[in-house]
Amino acid sequence: MGLPDEAKALPPPGIINRNSVWLGVIGWCSAMLQNAINRRPPMKSGVHRQALLASIGWFIGYHVTKHENYTYARLDRDMNEYVRLHPENFSDKEKKTFAEIVEPFHPIR
Amino acid sequence: MTLNRLLLRAASVSKIGSRSAFTAAKPDHTNPNWLRVGLAFGTSAFLWGLLFKQHSTDVHEYKVRNGLE
């Protein structure tokens, strides 16, 4: 439960981050949807509900972003470690210039 | 404005909407339940405070572990 200790060495996400904004907007829209279903003015009524659901979404989004950052950092580290341990699979192919590849041009006019 | 109109149209299409599973009385929207309003705003404020606190802890922890402070 929760992230391992090494995740704390990663730079933390900003207060404004993609997942927070997305989940916050989803929370806000679900409050407006509830208003619409109950035949109340969607944006003007139940402001406390809109604020609460948007805040919950924003909060969850922050922690989702932290988890996402750790997951991608771990995958990158494992991938780079594999590349480091198996250099024979990742050698640079000899590069040819276009002059060497292209066939001579004989125009037929 | 158009978002409002779209949502209002959704409300008018469904005549039944929704009803509480626990009470038979129609909800009275002219007298708000101030306790619930206060709790909702209070919880929102609490969550924002918690978020900012967590963020500042995370930033401090990051700086300490990477030798920046």
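Presented here is an overview of the structure given in this document.

Calculation notes
Residues numbered from 1 in each chain as written. Chains lettered and ligands numbered in written order. Predicted model: local features only at pLDDT ≥ 70, side-chain atom pairs only at ≥ 80, totals over all residues. Heavy atoms only, no water. Helix = DSSP H or I, 4+ residues; strand = E, 2+ residues; numbered from the N terminus. Buried < 20%, exposed > 50% of the residue type's maximum accessible area, 1.4 Å probe, protein only. Areas by Shrake-Rupley, 256 points an atom, 1.4 Å probe, with all protein chains shown as cover. Axes fitted to C-alpha atoms, helices over the stretch in contact; angles between N-to-C directions. Parallel < 35°, antiparallel > 145°, perpendicular 65-115°, else oblique. Left-handed = near helix turned anticlockwise from the far one by under 90°. Contact = heavy atoms within 4.5 Å. Buried area = accessible area lost by both parts, 1.4 Å probe. Salt bridge = Lys/Arg side-chain N within 4 Å of Asp/Glu carboxyl O. Polar contact = N/O pair within 3.5 Å; in protein donor to acceptor, adjacent residues only side chain to side chain. Nonpolar A, V, L, I, M, F, W, Y, C, P; charged D, E, K, R; others polar.

### Some points on the overall build of chain B
- Per the secondary structure count, chain B includes two helices and zero strands.
- Taken across its 69 residues, chain B has 14% of its residues classed as buried.
- For chain B, the accessible surface area stands at approximately 5800 Å², while carbon and sulfur atoms represent 64% of it.

### Here we look at the packing of helix α2 (residues 47-85) of chain A against helix α2 (residues 34-65) of chain B
- Interaxial distance between α2(A) and α2(B) falls to 8 Å at its minimum, and their mutual angle equals 20°. Between α2(A) and α2(B), the angle is such that the two are roughly parallel. Viewed along their axes, α2(A) and α2(B) form a crossing whose handedness is left-handed.

### Things to note about the interface of chain A and chain B
- Each side of the interface is counted separately: chain A has 28 residues, and chain B has 30 residues.
- Here chain A and chain B share an interface that buries about 2600 Å² over both sides, 71% of which is from carbon and sulfur atoms.
- Where chain A packs against chain B, one counts two salt bridges.
- When the shortest N-O distance is used, the salt bridge between B:D58 and A:K66 registers 3.0 Å.
- The interface formed by chain A and chain B holds eight residue pairs in polar contact (both at pLDDT 80 or more) in total.
- Counting residues per element, the side of chain A that touches chain B draws most heavily on α2(A), which supplies eleven residues.
- Taken together, the residues that form the side of chain A that touches chain B break down as 18 nonpolar, five polar and five charged.

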